[in-house]
Amino acid sequence: MRLPRPSLLPRASPLRSLPALAAALVPLGVACGLTWPLVLHLSDHHMVTAWGDSHSWILDLTARSLRDGGLGDPTLEAGYPVPRHLRAVGAVALLPFLVFQPLLGSLAAGSLAQLFAFPLTGLLTFLALGRLTDADPWVRAAAASAYALGPTVISTLGMGELSNTQAWVLPAFLWAADVACPLDPERPGQPRALVAVAVVGLLGGLSSPYYALALPLLAGAWAVVAVLRRRDALPRRLALAAGPVLVLALSLLPVRAWFDADLLRGPQSLVEPAPRAFQGDPAGRPLPDPPSVATPSALLWGPASRPRSPWQSDHVAYLGLVLLAAAGLQLRRPGRGRGLGAALVVGGVLLALGPWLAADGRFLAVAGHGVPTPVRLLELLGYPTRDGGLYFRFAVVAELGLVVLLAAGLAGRRRGAALAWLVAGLHVVDAGQSTWAAGAGRWPVRIEPVADLDLLQAMAPAGAVVPAQADGAVLELPLQGGTDAWMAQEAVLRALFHRRPTTGVLRDLRPREDTLRGIVSAAMQGDDPAAALRAAGFRFVLLPRDRSDHSQYPPELLDAALGPRWHDGDLIVWDLGATSLAPLAPPPLPPPAPPQTPRSP
């Protein structure tokens, strides 16, 4: 008799699928509650966060570039008038964006792409726990919800970080790898699941560079556990475990090329590298603000600082005392998956601490030297965690390990599902309280209507004109300086609706801003400033009324130079007339300083 061919996803009746549905809908419901009433006003309200509006703008720009035949690089929109390179992040988030943008608009599609990660994370964690542990479905649903709503993950929602909300990447790999080569020697492997491993590596890596860095380390931990589970068949287990690891490595090669470090450091990049931890011995030096590494107190008790505004980033690497205690109590109970869970907790904590140990706002010093961690050795061997520089993000790996330990320990336990949901509920409350305390009152997330929405839509190019052929760009005033780059969030929100290249996305990346300042200064000092700015490719000059006191060019001076105002409200706008874009070549970088010859003693 021929046995039925196994499938990647287990067949289940509608009633048996309720736990999986709960694992997806509970995280989605909590995320919607934290952002209430955003789901009722998707097209005209937005989350006031450090990055959310700019990520929606990048999704919109990427979608339009794809419809025009490919990703434009460099793009005129990324900091007009100087072309900049752009490397889009969020491949999986782009999928719901492409679906919803034609129906609801770019702002609504961007908000839905942010929320989409939560049910996806819960569902894939539910599936992974089913492969890794013997826990019943309702225990797995509770543990999956706890992971999808962990403090590090929901803090990314509070900051609008699209890429780092994609925590589904880690459990998705564990699920696909275990289907291909099960940790349980009694289960048959399904080699065709290697396709799923490749898809997770490629799309997951393009969705989050940090999780792309974590995936090979996660694969290493999984492979070690897979081999140790059956030592009497060591050659065969080594061969089986090598399959998912090699496929993952190959699938990450395009990701590495896309986020090429040399390009990101280049003179025309829109995206500047994240702050690097000190490459030399940082003994006794203060941590950068916000810190790039986690400290033991931050992992145990949560962040101690608060951002000064809703636009400021705040780094959260809190594991959650409730989940940590509950998972720790399960260590004494035998259960499948316990070894992998413990490995993920230890590895995630070490990665989050970074290459040098820090505490109380400073890198530790012992006998005048810093205290290195295993990450320091990893980087000396060539692993590129330094390319990201924000090590605290790897706390998500430890959070995944904690829910694996929780599910493994509650497997087969009487009232295990009730205990799991109690722990998950307390953990989510604890996570929300911790991130709220560090979020300047950000929880629930501030939801505000888009100001002057009709005006911004009226500024959009007429008809189906692609941005590169639009009749001019937008000059946003005041020009940003080194301390007010936060203004870009409001500017890119406006760009979502006026759909024109704009100077507002600039982030004080000198010397390019000096080029723009020179263009504006020369125009304002000429006989006809409006004509000079129009010749430089600008159609509109826009000045928010509440920023006029910070502008080098106040409204009265602009009236005299540019003529009557086109709009006089919260946004003051001058219409210079239709023109064509006039992008400039990037200014040359200063020559490198000659190497200094050390003096003789």
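The coordinates are above.
Residues numbered from 1 in each chain as written. Predicted model: local features only at pLDDT ≥ 70, side-chain atom pairs only at ≥ 80, totals over all residues. Heavy atoms only, no water.

1. Description of the overall build of the protein
Put simply, the test is: Numbering of helices and strands starts at the N terminus; helices are DSSP runs of H or I of at least 4 residues and strands are runs of E of at least 2. Whether a residue is buried, partly exposed or exposed follows from its accessible area with a 1.4 Å probe, protein chains only, as a fraction of its type maximum: under 20%, in between, or over 50%, in that order. Note on contacts: a residue pair is in contact if any heavy atoms of the two residues lie within 4.5 Å. Residue burial considers only the protein chains on display, and all accessible areas are found by Shrake-Rupley using a 1.4 Å probe.
The secondary structure content of the protein amounts to 23 helices and 10 strands. Taken over 601 residues, the protein has a buried fraction of 54%. Taking as baseline every contact in the protein between residues at least 6 positions apart, the subset at least 24 positions apart corresponds to 79%. Of the accessible surface of the protein, which amounts to about 25600 Å², a share of 63% is contributed by carbon and sulfur atoms.

2. Re the packing of aromatic side chains
Put simply, the rule is: The pairing test for Phe, Tyr and Trp rings, Trp by its six-membered ring, is centres within 6.5 Å, and the orientation test on the planes gives stacked under 30 degrees, edge-to-face over 60, and tilted for anything in between.
Across all of its chains, the model carries 3 aromatic pairs by this definition. Seen from their ring centres, F173 and W222 are 6.4 Å apart, and the 80 degrees between their planes marks the pair as edge-to-face. You can see F173 sitting in helix α7 (residues 169-180) and its partner W222 sitting in helix α9 (residues 209-228), a full 49 residues away along the chain. The pair F173 / W222 is uniform in exposure class, with both members buried. Ring geometry for F540 versus W566: centroids 5.3 Å apart, planes at 45 degrees, classification tilted.

3. Examining the sheet that holds strand β8 (residues 538-544)
For clarity, the cut-off: Only when DSSP finds a minimum of two bridges between them are two strands counted as paired. Geometry is summarised by axes, namely lines fitted to C-alpha atoms with helices restricted to the contacting stretch, and by angles between N-to-C directions that run from 0 to 180 degrees.
Taken together, 4 strands build an open sheet; the order of strands is β7-β8-β10-β9 and the sheet is mixed. In the strand order of this sheet, the two ends are held by β7 (473-476) and β9 (567-568), each with one partner. Sheet topology places β9 next to strand β10 (residues 571-575); 2 bridges connect them, and they run antiparallel. Within β10, the position partnered with D568 by the bridge is I572. Contacting β8 and β10, helix α23 (residues 555-562) crosses the sheet at an angle of about 15 degrees to β10.

4. Digging into the nonpolar core
Test applied: Residues belong to one nonpolar core when they are buried, are Ala, Val, Leu, Ile, Met, Phe, Trp, Tyr or Cys, and are joined through side-chain atoms within 4.5 Å.
Membership of the largest hydrophobic core comes to 110 residues, with the highest contact counts inside it found for L170, F173, L174, L215, L218, W222 and L299. A per-element tally of this core places α9 first, with 13 residues. In this view, W222 contacts L174, A177, D178, C181, L183, A241, P244 and L340; residues no more than four positions away in its chain are not counted. In terms of nonpolar packing, the next biggest core, distinct from the first, is built from 24 residues, L516, I519, M524 and V541 among them.

5. Quick notes on the side chain of D60
Formally: Here a polar contact is taken to be a pair of N or O atoms separated by no more than 3.5 Å, where protein atoms must pair a possible hydrogen donor with a possible acceptor and residues adjacent in sequence count only if both atoms sit in side chains.
One can find D60 in helix α2 (residues 52-67). Looking at D60, its side chain comes within polar contact range of the side chain of S106, at 2.5 Å. Ignoring any residue separated from it by four or fewer positions in sequence, one finds D60 in contact with F97, Q101, S106, L496 and R499.

6. Observations regarding α7
Definition in use: Under the convention used throughout, the expected extent of a helix is 1.5 Å for every residue step, that is, one less than its residue count.
Relative to the 16 Å expected for 12 residues at 1.5 Å per residue, α7 spans 17 Å between its end C-alpha atoms, a close match to the ideal helical length. Within α7, 12 of the 12 residues are buried, which leaves the element mostly enclosed by the surrounding structure. Burial in α7 covers these residues: V169, L170, P171, A172, F173, L174, W175, A176, A177, D178, V179 and A180.

7. Quick word on the packing of α2 against helix α4 (residues 106-132)
In plain terms, the rule: Our angle categories are set so that under 35 degrees counts as roughly parallel, over 145 as roughly antiparallel, 65 to 115 as roughly perpendicular, and the remainder as oblique. For a crossing to be left-handed, the near helix must be turned anticlockwise from the far one by less than a right angle; the clockwise case is right-handed. Residues are grouped as follows: Ala, Val, Leu, Ile, Met, Phe, Trp, Tyr, Cys and Pro are nonpolar; Asp, Glu, Lys and Arg are charged; all remaining types, including Gly, are polar.
It is at 9 Å that the axes of α2 and α4 come closest, and there the two elements cross at 110 degrees. When the axis of α2 is compared with that of α4, the two are roughly perpendicular. The two elements α2 and α4 cross, and the hand of that crossing is right-handed. For the pair formed by α2 and α4, the contact residues are G52, H55, S56, L59 and D60 on the first element and S106, G110, S111, A113 and Q114 on the second. Of the residues contributing to the contact of α2 with α4, the split by class is 2 nonpolar, 7 polar and 1 charged.

8. Regarding the environment of T49
Mapped onto the elements, T49 comes out in the loop between β1 (45-47) and α2. Sequence separation of T49 and L157 is 108 residues, and the distance between their C-alpha atoms is 8.5 Å.

9. Notes on the environment of L124
Relative to the helices and strands, L124 is located in helix α4. A residue is classified by how much of its surface remains accessible, and L124, at 14% relative accessible area, is buried. If near-sequence neighbours (up to four positions away) are discounted, L124 is found in contact with W168, P171 and A172.

10. So, the pairing of β8
With 7 of 7 residues buried, β8 lies mostly within the body of the structure. Relative to β8, β7 runs parallel, the two being bridged by 4 bridges. Among the inter-strand pairings, A473 is bridged to a residue of β8, identified as F538. Here 5 bridges tie β8 to β10, and the two strands are oriented antiparallel to one another. Looking across to β10, one finds that L542 is bridged to V573.

11. A few points about unusual backbone geometry
Note that the residue after W36, namely P37, is joined by a cis bond; omega there is 5 degrees. Relative to the elements of secondary structure, P37 occurs in the loop between α1 (18-34) and β1. With an omega of 0 degrees, the peptide bond running from L477 to P478 counts as cis. Tracing the backbone through its elements, the reader meets P478 in the loop between β7 and α20 (487-498). Positioned with a positive phi, D360 is a non-glycine residue whose angle comes to about 55 degrees. By secondary structure assignment, the location of D360 is in the loop between β2 (358-359) and β3 (362-363). What makes D360 exposed here is its relative accessible area of 76%. Of note in this structure, R499 is not a glycine but carries a positive phi near 55 degrees. With respect to the element layout, R499 can be found in the loop between α20 and α21 (512-525).

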